[in-house]
Amino acid sequence: IGEYIGKKGHQKVGYIGVYETDKAVGTERRNGVLDGLKEYGITPVIGKSDYSFLGGQTVARELLEKEPDLDAIICATDRLAFGTYKILHEYKKEIPEEVSVAAFGGYDESALLTPELTTLKFDSYGMGYLGAETILKMIAIYIDNDHKFFICTHNIALLPYCSERRVLLLKIIKQKIWYRFHKNY
């Protein structure tokens, strides 16, 4: 998103991140954004928050007090962007005419904002599927190398909102592990 904001010609950018206790979002995501901005010679004003709507409001207000002429604010999560929108409206800043807002997450609720939030949506299902496939391949390699392992059984509580696709994926994973285990022993 840092590169995207740089390509759009923004120069005065704010970044609302989260604390470094969350390595993925607080450190890695921030570093990625900063690297993208650096390619365009942009050094943002940075603030840190928790993941809350209120935290987004607090830090957005702080950034605007430090740099009233921000032309873009990047938020580590959509929820922080929700708070940022609220503060920009209070400051009577037009989105995106005066200040662009971009975030990470792709929450469904992002579509409720006007204008709709620019957000990087993650394919959680696809990443989970890829992770499961990777684990299955690792197990297959482990079995092929004449190692023995044990499969622990467990119960999965399927909640009413679990999709058929996820239930099917769990069944496929269970069958592949079972097949690969019994094929070799």
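Chains are numbered independently. Their residues run from 1 in the order of the written sequence. The model is predicted, so local features are restricted to residues of pLDDT at least 70 and side-chain atom pairs to those at 80 or more, both for listing and for counting; the totals for chains, interfaces and linings are taken over all residues. As a rule here, side-chain values cover all heavy atoms of the structure and leave hydrogens and water aside.

Draft legend 1. The arrangement of the packing of helix α3 (residues 53–66) against helix α4 (residues 78–90) in detail. For helices, the fitted line uses only the C-alpha atoms of the stretch in contact; every axis is such a line through C-alpha atoms, and the angle between N-to-C directions lies from 0 to 180 degrees. Secondary structure elements follow DSSP: runs of H or I of four or more residues count as helices, runs of E of two or more count as strands, with numbering from the N terminus. Taken N-terminus to C-terminus, the directions of α3 and α4 make an angle of 50°; their axes are 7 Å apart at the nearest point. When the interaxial angle is binned, α3 and α4 end up oblique. Note on packing geometry: the crossing formed by α3 with α4 is right-handed. From α3, F53, G55, G56, Q57, A60, R61 and L64 reach across to α4, where they touch R79, L80, F82, G83, T84, K86, I87, L88 and E90. When residues are grouped by polarity, Ala, Val, Leu, Ile, Met, Phe, Trp, Tyr, Cys and Pro land in nonpolar, Asp, Glu, Lys and Arg in charged, and all others, Gly among them, in polar. Residues belonging to the contact of α3 with α4 are distributed by class as follows: seven nonpolar, five polar and four charged. Every angle not falling under 35 degrees, over 145, or within 65 to 115 is termed oblique; those three ranges are roughly parallel, roughly antiparallel and roughly perpendicular. In this scheme, a crossing is called left-handed if the near helix is turned counterclockwise away from the far one by less than a right angle; it is called right-handed if the turn is clockwise. Any two residues whose heavy atoms approach within 4.5 Å are treated as being in contact.

Draft legend 2. Summary view of the pairing of strand β4 (residues 100–105). Throughout, exposure labels follow a simple rule: accessible area from a 1.4 Å probe, protein chains only, divided by the maximum for the residue type, with under 20% read as buried, over 50% as exposed, and the rest as partly exposed. Of all six residues in β4, six are buried, a share of seventy percent or more. What you see with β4 is no split at all: S100, A102 and F104 on one side and V101, A103 and G105 on the other are buried throughout. Strand pairing follows a simple DSSP-based rule, namely that at least 2 bridges must link the two strands. One ladder, built from three bridges, connects strand β3 (residues 72–75) with β4; its direction is parallel. Considered in β4, the bridge of I74 is made with A102. The definition of a right-handed crossover adopted here requires that, viewed with the strands pointing away, the path from the first strand over the helix to the second runs clockwise. Each parallel crossover has a hand, and for β3 linked through α4 to β4 it is right-handed. As paired strands, β4 and strand β5 (residues 118–121) are joined by four bridges and run parallel to one another. Note that in β5 the partner of F104 across the bridge is L120.

Draft legend 3. How the structure looks around unusual backbone geometry. A cis amide bond links I95 to the next residue, P96, at an omega of 0°. Tracing the chain through its elements places P96 in the loop between α4 and β4. Put simply, T114 and P115 share a cis peptide bond, and its omega is -5°. Here P115 is to be found in the loop between β4 and β5. Notably, K92 is not glycine yet its phi reads approximately 60°, a positive angle. Relative to the helices and strands, K92 is located in the loop between α4 and β4.

Draft legend 4. The pattern of salt bridges, seen in detail. What makes a salt bridge here is a side-chain nitrogen of Lys or Arg within 4 Å of a carboxyl oxygen of Asp or Glu, nothing more. Inspection of the entire model under this criterion finds eight salt bridges. Across the pair E3 and K7 runs a salt bridge whose closest N-O atoms are separated by 3.3 Å. Of this pair, E3 and K7 both sit in helix α1 (residues 2–7), four residues apart, which is roughly one turn of that helix. For E3, a relative accessible area of 35% translates into the label partly exposed. On the basis of relative accessible area, K7 is assigned to the exposed category, the value being 57%. Two residues, K12 and D69, come together in a salt bridge whose shortest N-O distance is 3.9 Å. With K12 in the loop between α1 and β1 (13–18) and D69 in the loop between α3 and β3, this residue pair connects regions lying 57 residues apart in the sequence. The exposure class assigned to K12 is partly exposed, which follows from its relative accessible area of 37%.

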